[in-house]
Amino acid sequence: MLLNVINVIPLSNIKTFTKPLITNLTKLGIANLQALLLHLPLRYIDETHITTIRDLRLGESAQVEGEITHAEVSYKPRKALIAKLEDASGQLMLRFLHFYPSQIAVLKVGTKLRVYGEVRHGFFGYEMVHPTCKVVGEKTQVTETLTPVYPAVAGLSQPSLRKAIRIALAQGDLAETLPASVYAPLHLPSFAQSLQSLHNPPPEVNLQALEQKTTPHWRRLAFDELLAQQLSMRKHYARRRSVSAPQFAPSQHFVTALLKSLPFALTAAQQKVALEIERDLTQPHPMQRLLQGDVGSGKTIVACMAALQSIENGWQVALMAPTEILAEQHYRKMLTWLTPLNIRIAWLTGSQSKKERELALAIILDGSAQLVVGTHALFQEAVQFKNLGLAIIDEQHRFGVHQRLALRQKGQPDPHQLMMSATPIPRTLSMSYYADLDISVIDALPPGRTPIVTKLVADSRRDEILQRVREACLQGNQAYWVCPLIEESEALQLVTANDTYALLQSEFPELHIGLVHGRMKPVEKQAVMAAFSAGELQLLVATTVIEVGVDVPNASLMVIEHAERMGLSQLHQLRGRVGRGAVKSTCILLYQNKLSETARARLKVIYESNDGFAIAQADLHIRGPGELLGVRQSGVPMLKIADLSRDVDLLETAKALADDLLKQHPAEVEQHLARWMSHAEELVKV
Ligand code: ADP
Ligand code: MG
């Protein structure tokens, strides 16, 4: 079957669309007629029938028609325009707290009026505050469909949006993009029918199902959107597999030697993912794998094994971390692990002296550096590899798509990529936004860890907490004190790290206390971290810079201030900084009294669970996918209609169908993407 190309039609092609209208639509992210068609209602109002005043019910919205029998501007208790509307069954008060002279003119005795609003209790029985009003003329009829209410911007009224969408429905391309064999077995209606019905739902439709987006029409569009996402991601995945990459035979020496030198054995979970990665690296196309594992699950050693496979095959490896502290820690660990194997490691960050940097650049270029560890400095232009075979990116969600792309371009042909993340990605999220990656999960922690005890403590009990910190430190343990922000922000009243540092110093003259925050020079940060690692500092006051990766096993107590202001996954990450050794560890979450309901519910999750996946799932539920997606979000269009918890079944179906559709129906796939991705910029994919 030959299909015409889906016509996206620029807004400026529509003669009746004025410049201001187009500007406003653009503000809503609508660039063409397809996108306008897919601008769907937030909710609906039912103006399809008239309720008699006697039948009105408190709290419900309804449409009433009657005659104005009284109208006045009253000044008690405050200025308001008040009118009495009567029909044959009773009377209803209308109240306007803000009004124009033109409204006074309309609301006069004798006017026949149709009003729509929510029924409330007033001084004189039922009333409506700020109802929408329509003067009834001879030809006024009730609307035949529910009235849609759309997301709008200031300056764009609902009536003009409705009108624009009516035009889009008449002139836009509603052609079916999917073969009926795809949507019919799912009992989903056609695209055109679904769109028509959602913009103008017939009165008999179930309003509740409509607003919860569970009607077949909503489901059809949610399915289309999820399928478009799958198709674009899988298309990209397939394209990558057609590109070539160096093939690395499994390591014969290095990996065995490394494992022999370790004081521990790999867990079964680590072995499983290590094997998945090893197999990817033997393939002739670039690996794109995301290695997930809760904090402390032992991802670094797995990454190191992959590096060794590459190095043994004669290719260079880059290991990039988002912060200097973390990169430095990796560097040290790699030195201890790999120096015995005679592997040369280069170190690259923004804070190096020119001389150190030039030396590093030289050995990276001539290939004598087999492994390069560093921060963002790694993907700068001056950095040239002899033969980059594998790029490992730790805490991948901290990097933007463009940064990863820049690193990839340092290899010729494309290097393999291993991304790591300790922010667990719930299944539905990895099935959707991460459908272009292969995913490995380390789903168990190494044995011998003592679970962290989490306590929720009101800020008013700070004195007890101070006492506890003192005792822990004097007993030879180390502690973190985490503050959310570095500078005073009076509006938020967040405790600053600087103030806390000064305060704790005067409180504990007998303790060695350090301070680390994001605004310090990297060398200073490293010095403080090194002193804490070495046990010279007993208490470390820190901002959330220590969130990723820091590993000091002797630290067994953490106090987190203003815990209620932080994301759950972030709290979990922070908490993961303790409990890394055999000592029993405690994390104390300090909160300001008077928690909101949501804040309480969120803290309860972190208090009750130590499972990063469960916590991420809850975070997804409470805050939506934005935070979990991190910087990745910037390169990927967000789902607008589908909801990952409500529409799981559709997501699963879309996922199951996508690869087949790409093979069997490439023309339809292009149609479908043209429609659904018309609002998105061309995907920048790595
Ligand atoms: P993450 O997954 O958070 O990056 P790391 O790789 O930093 O975790 O590992 C955390 C700690 O656990 C490190 O000190 C590491 O050496 C240790 N470790 C890793 N694997 C094991 C294992 N199988 N048994 C015991 N300890 C391990
Ligand atoms: Mg790590």
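Residues numbered from 1 in each chain as written. Chains lettered and ligands numbered in written order. Predicted model: local features only at pLDDT ≥ 70, side-chain atom pairs only at ≥ 80, totals over all residues. Heavy atoms only, no water.

**Section: the overall build of the protein**
Stated formally: Only DSSP runs of H or I covering at least 4 residues are called helices, and only runs of E covering at least 2 are called strands; the numbering of each starts at the N terminus. Note on exposure labels: buried denotes an accessible area under 20% of the residue type's maximum, exposed denotes more than 50%, and partly exposed covers the range between, all computed with a 1.4 Å probe on protein chains only. Note on contacts: a residue pair qualifies if any of its non-hydrogen atoms lie within 4.5 Å across the two residues. Computed with the Shrake-Rupley method and a 1.4 Å probe, the accessible areas treat only the protein chains shown as cover for residues.
Check the secondary structure of the protein and you find 24 helices and 22 strands. The principal-axis extents of the C-alpha atoms in the protein amount to approximately 95 × 70 × 45 Å. Within the protein, the proportion of its 686 residues that are buried is 53%. Expressed as a percentage of contacts within the protein between residues at least 6 apart in sequence, the contacts between residues at least 24 apart total 76%. On the protein, roughly 31,000 Å² of surface is accessible, and the fraction owed to carbon and sulfur atoms is 53%.

**Regarding the packing of helix 8 (residues 216-241) against helix 24 (residues 666-676)**
Note the cut-off: Axis angles are defined between N-to-C directions and span 0 to 180 degrees, where every axis is a line fitted to C-alpha atoms and, for a helix, only to the segment in contact. The scheme is simple: roughly parallel for angles under 35 degrees, roughly antiparallel for over 145, roughly perpendicular for 65 to 115, oblique for anything else. Note: crossing handedness is left-handed where the near helix turns anticlockwise from the far helix by less than a right angle, and right-handed where it turns clockwise. Gly is placed with the polar residues, together with every amino acid not listed as nonpolar (Ala, Val, Leu, Ile, Met, Phe, Trp, Tyr, Cys and Pro) or charged (Asp, Glu, Lys and Arg).
Look at helix 8 against helix 24: their axes get within 9 Å of each other, and the N-to-C directions meet at 110°. Accordingly, the angle class assigned to the pair helix 8 and helix 24 is roughly perpendicular. In this structure, helix 8 crosses over helix 24, and the sense of that crossing is left-handed. Residues Leu221, Asp224, Glu225, Leu227, Ala228, Leu231, Ser232 and Lys235 of helix 8 lie in contact with helix 24, whose contacting residues are Val669, Glu670, His672, Leu673 and Trp676. Among the residues making up the contact of helix 8 with helix 24, the classes are represented as seven nonpolar, two polar and four charged.

**Side note on the environment of Thr177**
The line we're drawing: Counting of polar contacts relies on pairs of N or O atoms within 3.5 Å, with two restrictions inside protein: one atom must be capable of donating a hydrogen and the other of accepting it, and residues adjacent in sequence are counted only when both atoms are side-chain atoms.
Tracing the sequence through the fold places Thr177 in the loop between helix 4 (158-171) and helix 5 (180-183). A relative accessible area of 1% places Thr177 in the buried class. Sequence-distant contacts of Thr177, that is, excluding residues within four places in its chain, are made with Ile6, Glu668, Gln671, His672 and Arg675. Polar side-chain contacts of Thr177 include one of 2.8 Å to the side chain of His672.

**Overview of helix 20 (residues 597-608)**
The following threshold applies: In a helix, the anticipated span is given by 1.5 Å times the number of residues less one. Directions from the helix axis toward the C-beta atoms define the arc.
Taking 1.5 Å as the rise per residue, helix 20 with twelve residues should run 16 Å; its terminal C-alpha atoms sit 16 Å apart, in good agreement. Three or more residues of helix 20 are buried, namely Ala599, Arg602, Leu603 and Ile606. End-on, the buried residues of helix 20 take up no more than an arc of 95°, which puts them together on one face. Residues of helix 20 that are exposed and point more than 90 degrees away from the buried face comprise Glu597 and Glu608. On the buried face of helix 20, the contacting elements are strand 17 (453-458), helix 19 (568-575), strand 22 (586-591) and helix 21 (612-623).

**Thoughts on the sheet that holds strand 8 (residues 132-135)**
Under the convention used in this document: Only when DSSP finds a minimum of two bridges between them are two strands counted as paired.
Taken together, seven strands build an open sheet; the order of strands is 6-7-4-3-2-5-8 and the sheet is mixed. The open sheet terminates on both sides in strands that have one partner only, identified here as strand 6 (120-122) and strand 8. Put simply, the sheet's adjacent strands are angled 45° from each other on average, direction ignored. Of the pairings in the sheet, the one linking strand 6 to strand 7 (residues 125-129) comprises three bridges and is antiparallel in character. Opposite His121, over in strand 7, you have Tyr126 as the bridge partner.

**A few points about the domain arrangement of the protein**
Note the cut-off: The source of the domain bounds is an automatic or database domain assignment.
Annotation of the protein at the domain level lists domain 1 (11-44 + 148-212), domain 2 (49-142), domain 3 (254-442) and domain 4 (452-609). Its C-alpha centre places domain 1 at a distance of 46 Å from the equivalent point of domain 3.

**Considerations on the pattern of salt bridges**
Filter applied, for reference: Each reported salt bridge corresponds to a side-chain nitrogen of Lys or Arg within 4 Å of a carboxyl oxygen of Asp or Glu.
Counted by the stated rule, this structure contains 19 salt bridges. With a closest N to O distance of 3.7 Å, Glu60 and Arg57 form a salt bridge. Owing to a relative accessible area of 55%, Arg57 belongs among the exposed residues under this scheme. We note a salt bridge from Glu561 to Arg462, for which the minimum N-O separation is 2.4 Å. Residue Glu561 is found in the loop between strand 21 (555-560) and helix 19, and its partner Arg462 is found in helix 16 (residues 462-474); the two are separated by 99 residues along the sequence. Relative accessible area serves as the criterion here: at 1%, Glu561 is assigned to the buried category. A cluster of three or more residues bridged by salt bridges with shared partners is formed by Glu176, Arg220 and Asp224.

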